[in-house]
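# What the coordinates show
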Amino acid sequence: MNRLLKSILSTARIPLGMLLIITSLAACQVGYRQQAAKQEGPVYDKLRARMKTLEYFYNNDQNDSLEAAVPEYMENCKNHRQWRLYYLAWNLLGQSYAFAAEYDQANHIAHAMQTDGQKRGNALGQVKGLALLAMIASLQGNHEEAERYWHEAIDTYDPEYGDRSTRMNLYYRLTETLLLKEAPVEQVDSALKQWKTVLDEEDPDKEIDIWQFNYYNTLVDYLIANHQFDDAIAAIDSAELYPAANLPSNKMNLIIDRSTVHTHLHHYSEAMTCLDKHQHIIDSMKQAGKQVSNQHQINHDGVLHALLAQMGRYQEAYAIKLRYDSLEKVMADIATRQQQMELNKHYDVDEMRRQNQQLQQRSRFTTGGVAMVLGIIAMLVFLTTSNRWRHTLEVKNRQLERERNVVVAQNRQLAVERDRAETASRAKTAFLQSMTHEIRTPLNAISGFTQVLAMTGLNLPENERQDFSNRIQDNTRLLTNILDDMILISNMEGNNALPQAEPCVPLMMITGATEAIAQQVAKGVTIDSQCNIPAEETLMCHPRLIGIIISKLLDNAAKFTKQGHITLSLNREADKLHFAVTDTGCGIPADKSEAIFERFTKLDSFTQGTGLGLSVARMVAEHMGGTLTLDTNYTGGAKFDLIIPYTANA
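Being a predicted model, the structure only gives us computed values, none of them experimental.

About the thresholds
Residues numbered from 1 in each chain as written. Predicted model: local features only at pLDDT ≥ 70, side-chain atom pairs only at ≥ 80, totals over all residues. Heavy atoms only, no water. Helix = DSSP H or I, 4+ residues; strand = E, 2+ residues; numbered from the N terminus. Buried < 20%, exposed > 50% of the residue type's maximum accessible area, 1.4 Å probe, protein only. Areas by Shrake-Rupley, 256 points an atom, 1.4 Å probe, with all protein chains shown as cover. Pairing = 2+ DSSP bridges. Core = buried A, V, L, I, M, F, W, Y, C linked by side-chain atoms within 4.5 Å. Phe/Tyr/Trp six-rings, centres within 6.5 Å; stacked < 30°, edge-to-face > 60°. Lys NZ or Arg CZ within 6 Å of the ring centre and 35° of its normal. Axes fitted to C-alpha atoms, helices over the stretch in contact; angles between N-to-C directions. Parallel < 35°, antiparallel > 145°, perpendicular 65-115°, else oblique. Left-handed = near helix turned anticlockwise from the far one by under 90°. Contact = heavy atoms within 4.5 Å. pLDDT = per-residue confidence, 0-100. Expected span 1.5 Å × (residues − 1). Salt bridge = Lys/Arg side-chain N within 4 Å of Asp/Glu carboxyl O.

### Some words on the overall build of the protein
Helix and strand counts for the protein come out as 23 helices and 8 strands. Each of the 650 residues in the protein was classed as buried or not, and the buried ones make up 43%. As presented, the protein carries roughly 34,900 Å² of accessible surface, and 52% of it is formed by carbon and sulfur atoms.

### Re the sheet that holds strand β1 (residues 502-504)
With antiparallel pairing, 3 strands are arranged side by side in an open sheet as β1-β3-β8. Every interior strand has two partners, whereas the edge strands, β1 and β8 (647-648), have only one. Judged from the 2 bridges that link them, strand β3 (residues 539-541) and β8 form a sheet pairing that is antiparallel. Within β8, the position partnered with L539 by the bridge is A648.

### Here's the deal with the environment of P71
Mapped onto the elements, P71 comes out in helix α4 (residues 63-79). Sequence separation between P71 and A89 is 18 residues; the distance between their C-alpha atoms is 8.8 Å.

### Some details on unusual backbone geometry
In the Ramachandran plot, A101 falls in the positive-phi region, its phi being about 65° despite a non-glycine side chain. Looking at where A101 falls in the secondary structure, it is placed in the loop between α5 (83-99) and α6 (103-120). Of note, the phi angle at H227 is positive, near 60°, even though the residue is not glycine. For H227, the position within the fold is in the loop between α11 (206-225) and α12 (229-239).

### Quick notes on the nonpolar core
By size, the foremost hydrophobic cluster in this structure holds 87 residues, and its most contacted members are M51, L54, Y73, L85, W195 and L219. No other element matches α5, which puts 12 residues into this core. Grouped together as the second largest cluster of nonpolar side chains are 46 residues, L554, F579, M619 and L642 included.

### What about the packing of aromatic side chains?
The geometry of an aromatic ring pair is captured by the separation of the ring centres together with the interplanar angle, meaning the angle of the planes. Tallied over the full model, the rule gives 10 aromatic pairs. Between the aromatic rings of Y172 and W211, the centroid separation amounts to 5.9 Å while the plane-to-plane angle is 70°, which identifies the pairing as edge-to-face. Taken together, the residues span a long stretch of sequence, with Y172 in helix α9 (residues 164-180) and W211 in helix α11 at a distance of 39 residues. Residues Y172 and W211 agree in their burial class; the two are buried. Grouping aromatic residues by their ring pairs yields a cluster made of Y172, W195, W211, Y215, Y216 and Y242. Sitting over the ring of F597, R618 keeps its end group 3.8 Å from the ring centre.

### Overview of the packing of helix α13 (residues 248-264) against helix α14 (residues 268-287)
The geometry of a pair of packed helices is captured by two quantities: the angle between their axes and the separation between those axes. It is the contact of α13 with α14, at a shortest axis distance of 8 Å, that shows an interaxial angle of 160°. Classified by the angle between their axes, α13 and α14 sit roughly antiparallel to one another. Remark: the crossing between α13 and α14 carries left-handed chirality. Where α13 approaches α14, its residues P248, K251, M252, I255, I256, R258, S259, H262 and T263 are matched on the opposing element by Y268, E270, A271, C274, L275, K277, H278, I281, I282 and M285.

### Remarks on the sheet that holds strand β6 (residues 627-630)
Pairing in this open sheet of 5 strands is mixed, and the strands run β2-β4-β5-β7-β6 from one edge to the other. Two strands bound the open sheet, and with one partner strand each, they are β2 (525-531) and β6. Taken over all neighbouring pairs, the strand axes of this sheet differ in orientation by 10° on average, direction set aside. Here 8 bridges tie strand β4 (residues 564-573) to strand β5 (residues 576-583), and the two strands are oriented antiparallel to one another. Following the sheet pairing, T567 is matched in β5 by T582. Lying on the sheet, helix α22 (residues 543-560) is in contact with β2, β4, β5, β6 and β7 (638-645); it crosses β5 at an angle near 15°. Docked against the sheet, helix α23 (residues 613-623) engages β6 and β7, running at close to 140° with respect to β6.

### What to know about the side chain of S96
Topologically, S96 is positioned in helix α5. Those residues in contact with S96, other than ones at most four positions away along the chain, are Y58, N63 and L66.

### Topic: the side chain of T218
Along the chain, T218 turns up in helix α11. When its relative accessible area of 1% is taken as the criterion, T218 is described as buried. Setting aside chain neighbours within four positions, we find T218 in contact with Y172, T175, E176, L179 and W195.

### Some points on the confidence of the model for the protein
Residues of the protein with pLDDT of at least 70 account for 82%, and the chain-wide mean is 80. Between residues 1-39, whose pLDDT stays under 50, and residues either more than four places distant or in other chains, the model counts 87 contacts.

### Observations regarding α9
For α9, which comprises 17 residues, the first-to-last C-alpha distance of 25 Å matches the rise-based estimate of 24 Å (1.5 Å per residue) to within 8%. The buried fraction of α9 is high, at 16 of 17 residues. Phi turns positive, to about 55°, at E182, one or two residues after α9.

### Structural notes on the pairing of β5
The buried fraction of β5 is high, at 7 of 8 residues. Here β4 folds back onto β5 in antiparallel fashion, the turn holding 2 residues, of which A574 has a positive phi close to 55°. Bridge count for β5 against β7 is 8 bridges, and the pairing is antiparallel. Its bridge partner lying in β7, D583 is registered against A638.

### Let's talk about the packing of α11 against α13
Orientation of α11 relative to α13, taken along the N-to-C sense of each, is 25°, at an axis distance of 11 Å. The pairing of α11 with α13 is recorded here as roughly parallel in orientation. Classified by chirality, the crossing of α13 by α11 is left-handed. Contacts from F213, N217, V220, D221 and I224 in α11 reach N250, L254, D257, T260 and V261 in α13.

### Some words on the pattern of salt bridges
Any two side chains of opposite charge can pair if their charged atoms end up close together. Within this structure, the stated rule accounts for 17 salt bridges. The closest approach of N and O atoms between E75 and K78, which form a salt bridge, is 3.6 Å. With a gap of 3 residues between them, E75 and K78 both fall in helix α4, about one helical turn apart. For K78, a relative accessible area of 33% gives the class partly exposed. Linking K639 and D631 is a salt bridge whose minimum nitrogen-to-oxygen distance equals 3.8 Å. By relative accessible area, K639 is classed as partly exposed at 21%. One connected set of salt bridges, linked through shared partners, spans E72, D467 and R471.

Pasting the structure below:
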């Protein structure tokens, strides 16, 4: 592929950044299978089957499903000490964030993976973290930083934790980065020689043949960029000796490289023959119903355009250029724009003449405007010489000043109202964006796991199918809770009227709440209730709204309590009811005692939930004239205090 196309592709997610990843992953498959052959036992087989599901999510851009599945998968790998699969899954998640331009999250994963590898003394984790940092830097166009990370990854590589493909991939990506940043020739030469030395040290096999092909393919790009065209032809011939050259995509790329070289050498007949062969392959694949990337047509049209222009066939070159622009509208360098300008000189002479006429007309308008300004100045000078006109102007000025002050005051008020409206709009937009994400996450999880269950040819164990079915049900419940919370928030914000109080029996209210949550409590956790109000006593309050708050507090306690107990208690304090939900879970830091009541706040991003429960609970409590707070003095877990006013039943 010529340098023009590479510079264009370097700004896109898929063409270059993804091309390097795809090429690397494809070349790593043989080495990965060799490494996998060393693993034994049903545990590894089960984890490897789940890895295929993660790869399906990744390859089909189902990032939400991937984000939901990776944490649990990594935990299983950690429990069984399958560190290679552990870091591969983590790396897939980081790459999905990077290609989605969520660079902060991708950087966080890269640094965390590098730190994790250092703590465990595992070089693979460190290398994967450094490689992810390098990839992020490349996608952001920071090739200097990417080069530094590739060098650091090569120095960190340890054969005990990696395989040959991992090592070859590091040299491959380093060389591509140097070509993208147009590094000095000596620096690229050094990287290519190091890569070739490492290749020659290995015994020839199918895996090494793939990397030999990648080496010569990269060498071709380098030689073309440096106008070493005879050497480039030799490198193309060497690349065609390897089986990987027979793959349709690789075959078409080599044909494009060969036609590029012939074009530079003015071998127009040979170049045109190569391009005809390239177009024939594209047409044959389309006729056979095979999918062909538009990038191959872009490559073809880019070289054909340059060839026709050099041959002086400008009209044909212009037509090809229009087709090229329809596929790839971004021009990458000044040389391409200059070629476009040269073609425009041949075909847009009339347009240039019209532009010159417009410039001349604008010049006449400018001259007339200057004359008008001079006339106004003369008129003002005349007016200022007359006392009578001066007095009139002063009166008018005072009137205008008063009117201006009125307008300024109105503008200030309008600015205040505008700021309020913009603030409300931003808050509404932020809320909608957050809710969209929270709704999309369970929907994508439901869709993703449903597609996996419906896939033909994917033999999943019965326990995994049951696990996927349970996940679909869990995400369905999560989606229902989100919609219920949205309806409740809408009702609370749009209606300030409190429903009429009704009689209720406190003991039945808290007993029903504990029984409803009992099924969600983890094994080994006990749940009990304490009511210090006589069982037969009836109070006037709002049992439905109180039940919503207690349900969310108990749900929160069940989610974070893995052992111990959960207690719901009720005491009467003057004219108020004091509910307390106490658990022995992980607890909440004191400095987060207010932050947890904000919408979409989650202290643990990997825990299921929307971050709306506590916010909704406090909103309902305040709607009833009560309070909901976290007891920061309690250190045995978490304790929430709900205080609600009531009246005695007449």
